[in-house]
Amino acid sequence: MPQYFGKLQKTEQPWSTIGSVESINKTDSLRDNCASRTFHFNCGETSLNLSILAPNLIRVRMSPTGEFKSRSHSITVPDEEWEITPFEVRETDEKIEIETSQILISVKRSPAAIECFDKSGKPFASDCDRNMGWRAGATAGWKRIEADEHFYGFGERTGFLDKLSEVKTNWTTDSLDYNSLTDEMYQAIAFYIALNPDRAYGIFFNTTFWSQFDIGAEKPGVLRMETRGPELDYYIIYGPEPAQIIATYTQLTGRMPLAPKWALGYHQCRWSYESEDIVRELAKEFRDRAIPCDVIHLDIDYMRGYRVFTWSPKRFPDPAKLIADLKAAGFKVVTIVDPGVKYEPEADYEIFDEGVENDYFVRTAEGKLFHGYVWPDKAVFPDFMRPEVRQWWGELHKTLTDVGIAGIWNDMNEPAIAERPFGDGGEHISFPLDAPQGPESDRATHAQTHNLYGLMMAKACAEGLQKVRSGDRSFVLTRSGFAGIQRYSSVWMGDNQSQWEHLEMSLPMLCNMGLSGVAFVGCDIGGFAGNATAELFARWMQVGMLYPLMRGHSAMSTAQHEPWVFGDRTEKICREYINLRYQLLPYIYTLFWEAATTGTPILRPLLYQFPRDRATYHLYDQVLLGPSLMAAPVYRPGVEHRAVYLPEGTWYDWWTGECYQGPMHILADAPLERMPLYVRGGGIIAIAPVRQFVSEEPLESLKMRIWPGSGEWTLYEDDGHSFEHEKGVWATTNYNVYLEGEKIIVEIAAREGQFSISEREVIVEVVGVGEQRFTDDGAARRLTFG
């Protein structure tokens with residue numbers, strides 16, 4: 001190739017590829033169904049392992065050297081902990097076929113290659129002609145992209161929903177000023193879902209090293225997954241729909257704990273509310289203006305010179321009294337904690353002194369204490385790969401929880417480091433890739449553990465809070481993470497901008513996170529960097545009402561972004577939609593319970609609920625909150641009407657009750673005060689009275705809004721703050737609506753579970769038909785309408 005624009009010619013190092021199957025270890029197990037869950041294919045010096053973990057879950061490992069190394073820091077459930085899955089095996093001269101109750105896996109003998117088929121014989125996740133290979137510093141696998149196949153997930157990603165023809169790199173990075181073309185982000189989750197109109201599968205690329213997916217960008221029809229690790233290791237998860245894939249993926253990597261109910265309320269944050277007086281005034285404004293709010297976040301300026309686990313004696317002279325007063329007014333407080341510990345020898349800074357004395361900080365390969373620059377200037381960094389360091393760090397949170405802090409916000413944990421003080425404009429750096437991390441018995445280099453740093457910091461925080469708080473659930477928020485981060489923390493999408501494009505982009509970003517197993521997610525409402533207009537802020541608050549994590553946040557260099565600073569009209573809109581959020585909390589809390597028990601996303605793209613409808617595959621600007629409530633937000637200035645797609649079935653306008661029969665497109669009226677909302681026929685949504693904070697008053701009345709049609713929904717309830725639900729102290733009530741001739745029947749099953757609910761009034765409203773009231777004593781009921 002000739003040079004162009006000064007770019008030098010480049011010669012790609014060739015790939016070596018796996019050869020033919022020469023033998024299969026433990027051959028007897030092939031004829032003794034599932035006596036061994038793992039098949040060992042010897043391909044010369046190369047080894048290929050295939051493990052049957054569940055009827056829809058297969059693990060594939062390929063080692064160019066023929067040796068597989070165990071990894072103590074793997075985040076997946078060990079193979080041996082899966083229940084034995086029955087399967088049948090058939091051998092021919094050309095291939096070995098392994099069939100479970102859901103799929104057929106065919107391993108070609110020459111050359112070794114994997115093909116997968118559903119029960120009707122349709123292929124998925126099948127190797128290309130170039131199947132598996134390696135070269136210096138890299139291992140890769142190639143999969144065939146089937147016709148009409150679309151790709152979702154990949155963790156935290158900008159741009160639209162479908163990632164076909166894109167390249168996605170997995171390497172945690174401080175993505176300041178990201179945009180729709182940004183590749184590396186704060187989170188590294190190497191998992192995707194491939195969707196066809198009649199089937200779907202997922203792949204989790206099980207590598208902590210730098211990795212990358214090329215989804216048909218270099219060569220149409222070919223997906224390449226590449227890692228800088230020494231072996232190829234991935235899981236194939238068959239659907240046939242996204243719901244089953246996510247359920248199995250979160251069984252593999254873990255599910256989120258049930259959050260405290262207050263964490264579902266509105267959060268207010270800024271960099272920074274820099275003094276006690278400002279925080280008190282902020283809280284007073286919320287209560288005086290009757291705008292619900294449960295949480296105030298404190299950014300880095302609450303600390304003494306940005307030293308973690310300290311308070312500024314001038315700006316926050318009595319944090320315990322401040323937090324007690326805020327608690328009395330119904331506010332919880334969340335404080336930021338960064339990993340950088342100020343380098344301060346002989347200054348009686350206990351955190352630094354303890355870390356040095358116990359050798360808890362990351363060192364270079366030469367044994368020197370590694371340092372970089374963050375907010376406290378010169379800083380050192382804990383080695384969170386070591387259990388004793390995580391325990392130490394977790395217990396340090398007692399200095400914050402003892403004064404009443406209810407949650408922790410982990411930031412800068414990609415890790416984000418500069419080569420010189422922040423004010424001097426230094427370059428971003430990371431730990432040296434050869435820096436050793438982890439315990440002596442299982443040392444790894446930073447090249448292997450970089451992507452795990454944020455995850456392990458969140459794990460240290462979550463496990464520490466569980467120890468130091470008195471039986472109450474905590475809230476953890478992180479910027480960086482890896483696959484499985486949902487087990488320890490909620491996630492926000494980092495430093496976005498006050499631009500309409502970022503409002504638009506927030507929905508596919510959060511939906512793809514949900515499709516990657518991370519349900520408790522949000523974006524900074526109003527945008528972090530830059531100044532929102534009144535119109536942008538109003539529209540963003542409408543969208544933010546749908547975010548699982550509803551937090552407003554802005555940067556120190558921007559104008560104030562609280563709901564009341566944009567004028568009366570915007571304040572009224574913000575109040576209305578925050579009120580709606582609080583009214584929907586019984587419905588949303590049930591969605592959190594479903595996410596905690598099954599991995600189900602809370603905020604969902606339409607393709608999740610309608611995977612056979614091609615019209616949903618590129619539809620990124622409409623979302624479902626749970627199974628029933630659909631929103632079609634406005635994300636452009638001056639727009640007061642927008643096209644809305646209604647999938648198959650009956651749909652009702654939330655505001656007017658107007659009925660539509662899908663599939664169809666409509667033009668929705670959307671003045672600034674209104675975000676188009678729709679409910680599926682048969683939808684059942686629990687509505688609570690508006691509260692200024694979640695625990696303001698007991699729930700003495702509950703409205704069940706039901707839209708005509710056929711549907712079923714289970715309401716989940718517990719005390720909202722303790723761990724008693726893990727001991728069975730919870731309650732569920734199943735609601736079922738259906739048509740019986742001209743009548744609409746609502747059946748309410750007897751309440752189940754050990755959680756005691758005080759006597760309350762329940763109002764069952766069939767929208768457009770009528771309502772009935774009764775005193776809820778937990779007994780079964782059958783109500784007739786019409």
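Keep in mind it's a predicted model, so treat the numbers as computed, not measured. (Residues numbered from 1 in each chain as written. Predicted model: local features only at pLDDT ≥ 70, side-chain atom pairs only at ≥ 80, totals over all residues. Heavy atoms only, no water.)

1. Considerations on the overall build of the protein chain
Point 1. For the protein chain, the helix and strand inventory stands at 14 helices and 51 strands.
Point 2. Computed over its C-alpha atoms, the radius of gyration of the protein chain comes to 27 Å, within 12% of the 28 Å expected for a compact globule of 786 residues.
Point 3. Expressed along its principal axes, the backbone C-alpha trace of the protein chain runs to roughly 80 × 75 × 60 Å.
Point 4. Evaluated residue by residue, the protein chain yields a buried proportion of 62% over its 786 residues.
Point 5. When contacts within the protein chain are restricted to residue pairs at least 6 apart in sequence, long-range pairs at least 24 apart make up 67% of them.
Point 6. Within the structure as shown, the protein chain displays about 29,300 Å² of accessible surface, and the carbon and sulfur contribution to it stands at 48%. (Helix = DSSP H or I, 4+ residues; strand = E, 2+ residues; numbered from the N terminus. Rg over C-alpha atoms; globule rule 2.2 N^0.38 Å. Buried < 20%, exposed > 50% of the residue type's maximum accessible area, 1.4 Å probe, protein only. Contact = heavy atoms within 4.5 Å. Areas by Shrake-Rupley, 256 points an atom, 1.4 Å probe, with all protein chains shown as cover.)

2. Some details on the nonpolar core
Point 1. Counting 193 residues, the largest nonpolar core has Trp393, Trp654 and Val764 as its most contacted members.
Point 2. Once residues within four sequence positions are removed from consideration, tryptophan 393 is found in contact with Val308, Phe309, Val337, Asp338, Pro339, Val341, Pro382, Phe384, Met457 and Ala460. (Core = buried A, V, L, I, M, F, W, Y, C linked by side-chain atoms within 4.5 Å.)

3. A short note on the sheet that holds strand E40 (residues 629–631)
Point 1. Spatially, 6 strands are ordered E38-E39-E40-E43-E41-E42 in an open sheet, and the strand pairing comes out antiparallel. Edge strands, defined here as strands with exactly one partner in the open sheet, are strand E38 (603–605) and strand E42 (659–669). Ignoring which end each strand starts from, the neighbouring axes of this sheet average 25° apart.
Point 2. Where strand E41 (residues 641–653) and strand E43 (residues 677–680) come together, 3 bridges link them in antiparallel fashion. Within E43, the position partnered with aspartate 653 by the bridge is tyrosine 678.
Point 3. Sheet contacts for helix H10 (residues 500–514): E38 and strand E39 (623–625); angle to E38, the most-contacted strand, approximately 100°. (Pairing = 2+ DSSP bridges. Axes fitted to C-alpha atoms, helices over the stretch in contact; angles between N-to-C directions.)

4. Regarding the environment of glycine 202
Point 1. Inspection of the secondary structure assignment puts glycine 202 in strand E17 (residues 199–205).
Point 2. Residues within four places of glycine 202 in sequence aside, it is in contact with Phe191, Tyr192, Ile193, Tyr235, Ile236, Ile237 and Ile245.

5. A few points about the environment of glutamine 102
Point 1. Among the structural elements, glutamine 102 can be located in the loop between strand E7 (95–99) and strand E8 (104–109).
Point 2. Residue classification places glutamine 102 among the partly exposed residues on the basis of a relative accessible area of 29%.
Point 3. Along the sequence, glutamine 102 and proline 240 sit 138 residues apart, while their C-alpha atoms lie 9.2 Å from each other.
Point 4. Residues contacting glutamine 102, with those up to four places away along its chain left out, are Pro55, Asn56, Asp118, Lys119, Tyr238 and Gly239.

6. Here we look at the pairing of strand E49 (residues 760–766)
Point 1. Among the 7 residues of E49, 6 are classified as buried, and the element is accordingly described as predominantly covered.
Point 2. Across 6 bridges, the pairing between strand E45 (residues 701–706) and E49 is parallel. Each residue of the ladder has a partner; that of arginine 705, found in E49, is glutamate 765.
Point 3. Of the strand pairs in this sheet, E49 and strand E50 (residues 770–776) are connected by 7 bridges, and their pairing is antiparallel.

7. Quick word on the confidence of the model for the protein chain
Point 1. Put simply, the protein chain has an average pLDDT of 96, and 98% of its residues get 70 or more.
Point 2. In the predicted structure, residues 27–35 sits below a pLDDT of 50 and forms 13 contacts with residues beyond four places in sequence or in another chain. (pLDDT = per-residue confidence, 0-100.)

8. Section: the sheet that holds strand E5 (residues 57–63)
Point 1. Across the sheet, 8 strands lie side by side as E2-E3-E4-E5-E20-E17-E16-E13; this open sheet has antiparallel pairing. Of all the strands in the sheet, the pair left with one neighbour each is strand E2 (23–25) and strand E13 (150–153). Direction aside, the axes of adjacent strands within the sheet are offset by 20° on average.
Point 2. Pairing of E2 with strand E3 (residues 38–43), which is carried by 3 bridges, proceeds in the antiparallel orientation. Along E3, the bridge assignment pairs serine 23 with asparagine 42.

9. A short note on unusual backbone geometry
Point 1. In the segment running from serine 110 into proline 111, the intervening peptide bond is cis, with an omega of -10°.
Point 2. With respect to the helices and strands, the residue proline 111 is situated in the loop between E8 and strand E9 (112–117).
Point 3. Note the cis peptide between glutamate 414 and proline 415, where omega equals 0°.
Point 4. Relative to the helices and strands, proline 415 is located in the loop between strand E27 (407–410) and strand E28 (417–418).
Point 5. In this model, serine 165 sits at a positive phi of 75°, which is unusual for a non-glycine residue.
Point 6. Here serine 165 lies in the loop between E13 and strand E14 (167–170).
Point 7. Overall, serine 165 belongs to the partly exposed group, its relative accessible area being 48%.
Point 8. Unlike most non-glycine residues, aspartate 348 shows phi in positive territory, near 60°.

10. Side note on the packing of H10 against helix H11 (residues 534–544)
Point 1. The N-to-C vectors of H10 and H11 enclose an angle of 5°; their axes lie 10 Å apart at closest approach. Regarding the angle of H10 to H11, the classification is roughly parallel. When H10 is examined against H11, the residues Trp500, His502, Leu503, Ser506 and Leu507 are found in contact with a partner set consisting of Glu535, Leu536, Arg539, Trp540 and Val543.
Point 2. Here the residues of the contact of H10 with H11 are counted per class, giving 6 nonpolar, 2 polar and 2 charged. (Parallel < 35°, antiparallel > 145°, perpendicular 65-115°, else oblique. Nonpolar A, V, L, I, M, F, W, Y, C, P; charged D, E, K, R; others polar.)

11. With respect to the packing of aromatic side chains
Point 1. Within this structure, the stated rule accounts for 48 aromatic pairs.
Point 2. Centroid distance phenylalanine 361 to tryptophan 392: 6.2 Å. Interplanar angle 75°. Geometry classified as edge-to-face. Highlighted residues: phenylalanine 361 in the loop between helix H5 (350–357) and strand E25 (372–374) and tryptophan 392 in helix H6 (residues 387–396), separated in sequence by 31 residues.
Point 3. Overall, the relative accessible area of 9% leaves tryptophan 392 in the buried class. (Phe/Tyr/Trp six-rings, centres within 6.5 Å; stacked < 30°, edge-to-face > 60°.)

12. Quick notes on the pattern of salt bridges
Point 1. Considering all chains together, one arrives at 59 salt bridges under this definition.
Point 2. Between arginine 473 and aspartate 718 there is a salt bridge, with the nearest N and O atoms lying 3.2 Å from each other. Of this pair, arginine 473 sits in the loop between helix H9 (453–468) and strand E32 (475–478) while aspartate 718 sits in the loop between strand E46 (711–717) and strand E47 (731–740), and the two are 245 residues apart along the sequence. Pair check on accessibility: arginine 473 and aspartate 718 agree, each one buried.
Point 3. The structure contains a network of salt bridges with shared partners spanning Glu88, Arg90, Lys95, Glu97, Glu99 and Lys119. (Salt bridge = Lys/Arg side-chain N within 4 Å of Asp/Glu carboxyl O.)

13. Overview of the packing of helix H12 (residues 568–583) against helix H13 (residues 585–598)
Point 1. One can describe the packing of H12 onto H13 by two numbers: an axis separation of 5 Å at closest approach and a directional angle of 60°. The orientation of H12 relative to H13 falls into the category oblique. Within the contact between the two elements, H12 uses Arg581, Tyr582 and Gln583 and H13 uses Leu585, Pro586 and Ile588.
Point 2. Partitioned by chemical class, the residues of the contact of H12 with H13 number 4 nonpolar, 1 polar and 1 charged.

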